[in-house]
Amino acid sequence: MTKKPLIAGNWKMNGGLAANQALIGALLQGLDTPSCDVALCVPAPYFSQLKALLEGSAIALGAQDISARPHGGAFTGEHSGAMLRDFGVRYAIVGHSERRQYHGETDEHVAAKVAAALASGITPIVCVGETLAEREAGRTEEVVKRQLAAVIHVNGHCLSEIVVAYEPVWAIGTGKTASPEQAQAVHAVLRAQLQHAAGDHAAGMRILYGGSMNAANAAELLAQADIDGGLIGGASLKAPDFLQIIAAAR
Ligand code: PGA
């Protein structure tokens, strides 16, 4: 089964009109025809700007969250899948550990957001990952399996449409990357779980690694059998670094 790797940038709460324009200019100048899929998950206020800047390019637009609710109604601050679609958004990060930690998102809430994304034709990038305390307690496998199981439970019928991202919480923004072996071990667990739920489709599904992936360590991580791309925070804000990561994914 052929599957293209996916390299997705997560700008988090960074960016500005002028900075975005400069960053996209540098990226498009340095990007030939990538052999992987590329996406940028940007803050919602910049969708309109980014839609225009990325028009006709090899970089797809992504969101960092999506409402679990269908479009319309009294949900202050929420963005529906239909709104995201208006701006050509193709991917939405769902269940990032920062949203689980700071916004109280539960496994069930994450699963509902995945369903909302799929209903809008947006590919959810579903994040799972353990904290340092959970890893040290030997609970990594249990935690990521529980997080993914909730998503499978609600979305089993169209599971092959999702992208999974393994992001150990202790590696996010810390400069501490999981070793390629540590990452691969968890990816293999996730692949087996997908296989159990989606059968043969699992081999064609993409499982990304995220957590301090950078220009220096990307190639080694991406060489692992079950690592099919990356979700990149800090390094996606620097054009040369993000371009090097894209070049390492083939
Ligand atoms: P990082 O963030 O690359 O800055 O560690 C990754 C993420 O949180 O998606």
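One can find the structure itself at the top, above this paragraph.
This one's a predicted model, so the numbers in the text were calculated from it and none came from an experiment.

Asker: What is the right way to read the overall build of the chain from this model?
Answerer: When helices and strands are counted, the chain shows ten helices and eight strands. Computed over its C-alpha atoms, the radius of gyration of the chain comes to 17 Å, within 12% of the 18 Å expected for a compact globule of 250 residues. Oriented by its inertia axes, the alpha-carbon framework of the chain measures out at about 45 × 45 × 35 Å. Split into buried and exposed, the 250 residues of the chain put 51% on the buried side. Contacts spanning at least 24 positions in sequence make up 72% of the contacts within the chain whose residues lie at least 6 apart. Only carbon and sulfur atoms are counted for the fraction: they give 53% of the accessible area of the chain, which is about 11100 Å². For the chain, the distance from the average position of its 19 positive side-chain charges to the average position of its 23 negative side-chain charges is 2 Å.

Asker: Before we go on, may I ask you to explain the site of the ligand in this structure?
Answerer: Around the ligand sit 13 residues, and of these Lys 12, His 96, Glu 167, Gly 173 and Ser 212 come closest. In this structure, Lys 12 approaches the ligand through a side-chain N or O atom, which is 2.7 Å from an oxygen atom. For the shell around the ligand, the per-class residue count stands at four nonpolar, seven polar and two charged.

Asker: What is the right way to read the packing of aromatic side chains from this model?
Answerer: What characterises a pair of aromatic rings is the spacing of the ring centres plus the angle enclosed by the ring planes. In total, this model carries two aromatic pairs according to the counting rule given. Measuring from centroid to centroid gives 6.0 Å for Phe 47 and Phe 87, while their planes differ by 40°, and the two rings are tilted. With Phe 47 in helix H2 (residues 47–54) and Phe 87 in the loop between helix H3 (81–86) and strand E4 (91–94), this pair connects stretches of sequence that are 40 residues apart. Accessibility expressed as a relative area gives 5% for Phe 47, which makes it buried.

Asker: Can you walk me through the nonpolar core in this structure?
Answerer: Looking at soluble globular proteins, one finds that nonpolar side chains tend to be buried together. Counting residues in each nonpolar core, the largest one holds 64 residues, and the members touching the most others are Ile 7, Leu 27, Ile 162, Leu 190 and Tyr 209. In this structure, Ile 7 is in contact with Cys 36, Asp 37, Val 38, Ala 39, Leu 222, Gly 229, Gly 230, Ile 232, Phe 242, Ile 245, Ile 246 and Ala 249, ignoring residues within four places of it in sequence. Core analysis: the next-biggest nonpolar cluster, separate from the first, contains 13 residues, Cys 41, Ile 125, Val 163 and Leu 231 among them.

Asker: Looking at this structure, how should I read the pairing of strand E7 (residues 207–210)?
Answerer: Side-chain direction in a regular strand flips from residue to residue, so the side chains alternate between the two faces of the sheet. Residues Ile 207 and Tyr 209 of E7 are buried on one face, and the alternating residues Leu 208 and Gly 210, pointing to the opposite face, are buried as well. Alignment of strand E6 (residues 163–166) against E7, held across three bridges, turns out to be parallel. Within E7, the residue paired with Val 164 across the bridge is Ile 207. On the question of chirality, the crossover connecting E6 to the parallel E7 by way of helix H8 (residues 180–198) is right-handed. Where E7 meets strand E8 (residues 229–232), two bridges bridge the pair, whose relative direction is parallel. By the bridge assignment, Tyr 209 is partnered in E8 with Gly 230.

Asker: Any chance you could explain the pattern of salt bridges here in plain terms?
Answerer: Two side chains with opposite charge may pair up if their charged atoms get near one another. Tallied over the full model, the rule gives 16 salt bridges. Close ionic contact of Lys 51 with Glu 55 constitutes a salt bridge, the shortest N to O distance being 4.0 Å. Note that Glu 105 and Arg 99 form a salt bridge whose closest N and O atoms lie 2.8 Å from each other. Arg 99 sits in the partly exposed class, given a relative accessible area of 24%. Taken together, the salt bridges that share partners define one network made up of Lys 3, Arg 191, Asp 226 and Asp 228.

Asker: Sorry if this is basic, but what is going on with unusual backbone geometry here?
Answerer: It is generally the case that most residues other than glycine have a negative phi and that most peptide bonds are trans. Even without being a glycine, Lys 12 presents a positive backbone phi close to 50°. With respect to the helices and strands, Lys 12 occurs in the loop between strand E1 (6–10) and helix H1 (17–30). Phi angles above zero are rare outside glycine, and Ser 212 is one such case at about 55°. Within the element layout of this structure, Ser 212 appears in the loop between E7 and helix H9 (218–222). Of the residues examined, Ser 212 reaches a relative accessible area of 16% and is grouped as buried.

Asker: I keep staring at the layout of surface pockets and nothing clicks. Help me out?
Answerer: Regions of empty space are outlined by a rolling probe, equal in size to a water molecule, passed over the atoms. Taken as a whole, the largest pocket holds about 540 Å³ of empty space. Every residue lining the largest pocket is counted, 23 residues in all, and those nearest its centre are Lys 12, Pro 43, Gln 64, Asp 65 and Arg 99. Tallied by class, residues from the lining of the largest pocket come to eleven nonpolar, seven polar and five charged.

The rules behind the values
- Residues numbered from 1 in each chain as written.
- Predicted model: local features only at pLDDT ≥ 70, side-chain atom pairs only at ≥ 80, totals over all residues.
- Heavy atoms only, no water.
- Helix = DSSP H or I, 4+ residues; strand = E, 2+ residues; numbered from the N terminus.
- Rg over C-alpha atoms; globule rule 2.2 N^0.38 Å.
- Buried < 20%, exposed > 50% of the residue type's maximum accessible area, 1.4 Å probe, protein only.
- Contact = heavy atoms within 4.5 Å.
- Areas by Shrake-Rupley, 256 points an atom, 1.4 Å probe, with all protein chains shown as cover.
- Lys, Arg positive; Asp, Glu negative; His and termini not counted.
- Charge placed at Lys NZ, Arg CZ, Asp CG, Glu CD.
- Near = heavy atom within 4 Å.
- Polar contact = N/O pair within 3.5 Å; in protein donor to acceptor, adjacent residues only side chain to side chain.
- Nonpolar A, V, L, I, M, F, W, Y, C, P; charged D, E, K, R; others polar.
- Phe/Tyr/Trp six-rings, centres within 6.5 Å; stacked < 30°, edge-to-face > 60°.
- Core = buried A, V, L, I, M, F, W, Y, C linked by side-chain atoms within 4.5 Å.
- Pairing = 2+ DSSP bridges.
- Right-handed = clockwise from strand over helix to strand, strands pointing away.
- Salt bridge = Lys/Arg side-chain N within 4 Å of Asp/Glu carboxyl O.
- 1 Å grid on protein atoms, 1.4 Å probe; cavity = no way out; pocket = protein on both sides within 12 Å on 5 of 7 lines; lining within 4 Å.
- Points joined across faces, edges and corners; volume = space filled by probe spheres on them.

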